[in-house]
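Coordinate analysis (summary)
Now for the letters of each chain:
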Amino acid sequence: MTAEKTVYIKTYGCQMNVYDSDRMSDSLAPLGYRQTDVIEAADLIILNTCHIREKAAEKVYSELGRIRQVKAERRAAGQATMVAVAGCVAQAEGEEIIRRAPVVDMVFGPQAYHRLPDLIDRAARGERPSDLAEAAAPFKTAAPAKVVATDFPIEDKFDSLPPVSAERTRSRGVTAFLTVQEGCDKFCTFCVVPYTRGAEVSRPAGKVLAEARALVAAGVREVTLLGQNVNAYHGEGEDGDDWTLARLIRALARIPGLDRLRYTTSHPRDMGEDLIGAHRDLPQLMPYLHLPVQSGSDRILAAMNRRHTADDYLRLVERIRAARPDIALSGDFIVGFPGETDADFEATLALVRAVGYAGCFTFKYSPRPGTPASDLDGQVPETVKTERLHRLQALIDDQERRFAAGLVGRTLPVLLEKAGRLPGQLVGRSPYLHPVHVTAPAGLIGSIAPVAITSTGRHSLNGDVVPSDGAEPGASPAVRLSA
Ligand code: 5AD
Ligand code: SF4
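Nothing here was measured: the structure is a model prediction, and the numbers come from that model.

Per the counting criterion, the structure on display carries 33 salt bridges. Linking glutamate 4 and arginine 34 is a salt bridge whose minimum nitrogen-to-oxygen distance equals 2.8 Å. Taken together, the positions of glutamate 4 in the segment before strand 1 (5-11) and arginine 34 in strand 2 (residues 33-35) put the pair 30 residues apart, joining distant regions of the chain. Between glutamate 58 and arginine 100 there is a salt bridge, with the nearest N and O atoms lying 3.7 Å from each other. Highlighted residues: glutamate 58 in helix 2 (residues 54-76) and arginine 100 in helix 3 (residues 87-100), separated in sequence by 42 residues. Take glutamate 58: its relative accessible area is 37%, and that puts it in the partly exposed class.

Below, the discussion takes up unusual backbone geometry. Along the chain, threonine 264 connects to threonine 265 via a cis peptide bond; the corresponding omega equals 5°. Along the polypeptide, threonine 265 turns up in the loop between strand 12 (260-264) and helix 11 (273-281). Positioned with a positive phi, glutamine 294 is a non-glycine residue whose angle comes to about 75°. Mapped onto the elements, glutamine 294 comes out in the loop between strand 13 (288-290) and helix 12 (298-303). Since its relative accessible area comes to 7%, glutamine 294 is described here as buried. Of note in the backbone geometry, leucine 433 takes a positive phi value of approximately 80° without being a glycine. By secondary structure assignment, the location of leucine 433 is in the loop between strand 17 (425-429) and strand 18 (435-439). Residue class for leucine 433 comes out partly exposed when judged on its relative accessible area of 27%.

The next thing to look at is the packing of helix 14 (residues 342-355) against helix 15 (residues 382-405). Taken N-terminus to C-terminus, the directions of helix 14 and helix 15 make an angle of 10°; their axes are 10 Å apart at the nearest point. Of the possible angle classes, the one that applies to helix 14 and helix 15 is roughly parallel. Between helix 14 and helix 15, the contacting residues are Asp342, Phe345, Glu346, Thr348, Leu349, Val352 and Arg353 on the first element and Arg388, Arg391, Leu392, Leu395, Ile396 and Gln399 on the second. Of the residues assigned to the contact of helix 14 with helix 15, the class counts are six nonpolar, two polar and five charged.

What follows deals with the nonpolar core. In terms of nonpolar packing, the biggest core is built from 58 residues, with Leu225, Leu248, Leu252, Tyr263 and Tyr357 touching the most fellow members. Leucine 252 has contacts with Val208, Leu209, Ala212, Leu225, Leu258 and Leu261, leaving out every residue within four places of it along the chain. Core analysis: the next-biggest nonpolar cluster, separate from the first, contains 23 residues, Ala56, Val83, Val85 and Val89 among them.

Our next topic: the sheet that holds strand 17. Here we have five strands rolled up into a closed barrel, ordered 16-17-18-20-19, and mixed in their pairing. Adjacent strand axes in the sheet meet at a mean angle of 50°, parallel and antiparallel pairs treated alike. Pairing of strand 17 with strand 18, which is carried by five bridges, proceeds in the antiparallel orientation. Looking at strand 18, one finds that glutamine 425 is bridged to threonine 439.

This part is about the sheet that holds strand 3 (residues 44-49). Strand order in the open sheet formed by five strands is 2-1-3-4-5, with parallel pairing between adjacent strands. The open sheet has two edge strands with one neighbour each: strand 2 and strand 5 (106-108). Strand-to-strand twist of the sheet, defined as the mean angle between neighbouring strand axes without regard to direction, takes the value 25°. Sheet analysis places strand 4 (residues 82-86) next to strand 5, joined by three bridges and oriented parallel. Paired with alanine 86 across the two strands is phenylalanine 108, which belongs to strand 5.

Tracing the backbone through its elements, the reader meets arginine 74 in helix 2. Residue classification places arginine 74 among the buried residues on the basis of a relative accessible area of 4%. Engagement of the side chain of arginine 74 in a polar contact is seen with the backbone oxygen of alanine 80, the distance being 3.0 Å. Non-local contacts of arginine 74, meaning those with residues more than four positions away in its chain, are made with Glu40, Ala41, Ala42, Asp43, Gln79, Ala80 and Thr81.

Definitions and limits used
Residues numbered from 1 in each chain as written. Chains lettered and ligands numbered in written order. Predicted model: local features only at pLDDT ≥ 70, side-chain atom pairs only at ≥ 80, totals over all residues. Heavy atoms only, no water. Salt bridge = Lys/Arg side-chain N within 4 Å of Asp/Glu carboxyl O. Helix = DSSP H or I, 4+ residues; strand = E, 2+ residues; numbered from the N terminus. Buried < 20%, exposed > 50% of the residue type's maximum accessible area, 1.4 Å probe, protein only. Axes fitted to C-alpha atoms, helices over the stretch in contact; angles between N-to-C directions. Parallel < 35°, antiparallel > 145°, perpendicular 65-115°, else oblique. Contact = heavy atoms within 4.5 Å. Nonpolar A, V, L, I, M, F, W, Y, C, P; charged D, E, K, R; others polar. Core = buried A, V, L, I, M, F, W, Y, C linked by side-chain atoms within 4.5 Å. Pairing = 2+ DSSP bridges. Polar contact = N/O pair within 3.5 Å; in protein donor to acceptor, adjacent residues only side chain to side chain.

This is the structure in structure tokens:
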């Protein structure tokens, strides 16, 4: 019998990190580790980090400062604490972390999670982080000067992690992430992902389908397929053919009980006709698409190495809307990319007006060491970036409000996920990914209920469950409608 220990995992950044943290936690369970939310109570602290923008990386160092104190206090009380840095900061600047933060016992990149039990064992026996870094190859490429993980097939990691367990999934709820693709070959000139996550690799369809079935058996009703470039998915199919994301989604849609499917993040160049067709044909595929364009200026798009024009994107949006007219579109935008002029920025505003988004993420350009754009002339002053960000955000906020206001008065199928902050309140998701607040009994968690939308919040909707039998809202039995 293994002695019980506790692990505290803090996750930064994207949904793939959330998925990876869950899988790390699964791999630690057989060693006797139980997850805790209290950092002071943790025998093992893992920071699963994000390197996409400078601010994200800096947060890790300030958290390590706090952890140094926690570790010292625990040591004074006679308790040992092991500290690990995982994720993309670890991958990109592992040696720097070891130099700057001696509190750290272990560093390992996203392709080494399946080695976690072994690394813990070695750290516990007193090996130094630099030795462990060797074991956690491909960490050795500390600076993002080379593509990593090319000799590190993704299934190494996924095959060696324990399969999703019904018991642990149940405690995580009715929605789940499922990584189907990892890494990126696009090399946008601002982005660290191709260096930290490595080359693009797709998991075989059979493995994805098996994981999805296990999730459904554990009570999951909505799965979001994850990949840095998810619509570039080309995994080995169950029939030996190369499957596209659309074929994978069609196969997933045949799993009974898997009522809702989503996928993120997509690149405009990989938005194939069959995937657009899946949005037209499959009721399980939710009408929401995150399709970053980054800029509306062709000059900047070229400098970013996006390899499409603003017009290509607008025509693509037209085709997607022809297939699924109500689709909610979201995107990512970077303002202040090197060389961005006022005219370039106006072109971005014009593109946003032409598309009409349901919501977007906006970022100030952040130079990332080792990426081509960080060396470009014409870096934009911070004040200009801030001003542009505010103007863009105001336009997008307005579009988001309009999209949400257009849903008031409609009845939407809402997957009720969990208790809300107020007593008697539940929170679910609209097909368009808005959080929806309703007053309803906890017994409805896990069901897809028809909800009449009555008002909008800042980034959410409010509504009433529509009684199916004339009963008062909230008194209805657990309806299990399909989306
Ligand atoms: N600076 C600012 N934003 C960035 N992103 C990626 N790299 C950078 C960077 N260097 C944004 C892009 C991407 C999102 C995940 O993060 O918009 O789509
Ligand atoms: Fe980064 Fe571009 Fe790849 Fe997206 S497509 S992960 S922005 S390099």
